[in-house]
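Each chain, letter by letter, is given below.
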Amino acid sequence: MEWDVVEARVLEHGCIYVKFSDGLEGKVRFNSSAYRGVFEKLRDPAEFNKLSVNGYFVTWPGQLDLAPDAMHAAIKQQGEWVLN
């Protein structure tokens, strides 16, 4: 699908670069308020840096992942996806 993630990497703590199968590229930024609930452990830069691409989505250990369709839509429209 067009929103399958083919590449992702950490640019800095709280900011990642993603590239989709359709060639769309952009950034995902975590505001400080995004580090709650299941994402709490990503406050730790060492945990945040464990980012990987698993199949077609961005993931971290512990089955944490980001919705590729929502990420694609936001990046297509705004150039980045900001998580609050």
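Criteria and thresholds
Residues numbered from 1 in each chain as written. Predicted model: local features only at pLDDT ≥ 70, side-chain atom pairs only at ≥ 80, totals over all residues. Heavy atoms only, no water. Helix = DSSP H or I, 4+ residues; strand = E, 2+ residues; numbered from the N terminus. Buried < 20%, exposed > 50% of the residue type's maximum accessible area, 1.4 Å probe, protein only. Contact = heavy atoms within 4.5 Å. Areas by Shrake-Rupley, 256 points an atom, 1.4 Å probe, with all protein chains shown as cover. Lys, Arg positive; Asp, Glu negative; His and termini not counted. Charge placed at Lys NZ, Arg CZ, Asp CG, Glu CD. Phe/Tyr/Trp six-rings, centres within 6.5 Å; stacked < 30°, edge-to-face > 60°. Lys NZ or Arg CZ within 6 Å of the ring centre and 35° of its normal. Pairing = 2+ DSSP bridges. Axes fitted to C-alpha atoms, helices over the stretch in contact; angles between N-to-C directions.

Trainee: Requested: an account of the overall build of the chain, with residues and values cited.
Mentor: Broken down by element type, the chain carries 2 helices and 7 strands. Each helix and strand of the chain, placed in order from N terminus to C terminus, yields the pattern β-β-β-α-β-β-β-α-β. For the chain, the proportion of its 84 residues judged to be buried stands at 37%. Counted over contacts in the chain with a minimum sequence separation of 6, partners at least 24 positions apart contribute 47%. Accessible surface computed for the chain: about 4,700 Å², of which carbon and sulfur atoms make up 47%. Between the averaged position of the 9 positive side-chain charges in the chain and that of its 12 negative side-chain charges there is a distance of 4 Å.

Trainee: Report on the packing of aromatic side chains, specifying residues and quantitative values.
Mentor: What the rule picks out here adds up to 6 aromatic pairs. Residues F30 and W60 carry aromatic rings whose centres are separated by 5.9 Å and whose planes lie at 90 degrees to one another, so their mutual orientation is edge-to-face. With F30 in strand β3 (residues 25-30) and W60 in strand β5 (residues 57-60), this pair connects stretches of sequence that are 30 residues apart. Per residue, the accessibility class of F30 equals that of W60, and both read buried. Seen from their ring centres, F48 and W60 are 5.6 Å apart, and the 45 degrees between their planes marks the pair as tilted. Here the residue F48 occupies a position in helix α1 (residues 45-48), and W60 occupies one in strand β5, the gap between them amounting to 12 residues. The same class applies to F48 as to W60, namely buried. A connected cluster of aromatic rings, assembled from ring pairs, spans F30, Y35, F39, F48 and W60. Its end group placed over the ring of Y17, R9 keeps NZ or CZ at 4.2 Å from the ring centre.

Trainee: Quick rundown of unusual backbone geometry? Include the residues and the values.
Mentor: Backbone geometry places Q63, a non-glycine residue, at a positive phi of 60 degrees. Secondary-structure assignment places Q63 in the loop between β5 and β6 (64-65).

Trainee: Go over the sheet that holds strand β7 (residues 80-83), please, and point to the residues and values.
Mentor: Within the open sheet, the 4 strands sit side by side as β1-β2-β3-β7. Their pairing is mixed. Both edges of this open sheet fall to β1 (5-12) and β7, since each of them pairs with a single strand only. Taken over all neighbouring pairs, the strand axes of this sheet differ in orientation by 20 degrees on average, direction set aside. Against the sheet, helix α2 (residues 68-78) makes contact with β1, β2 (15-20), β3 and β7, and its axis sits at roughly 120 degrees relative to β7, the strand it touches most.

Trainee: Lay out the environment of D44 with the relevant residues and their values.
Mentor: Mapped onto the elements of the fold, D44 is located in the loop between β3 and α1. Given the relative accessible area of 37%, D44 is considered partly exposed.

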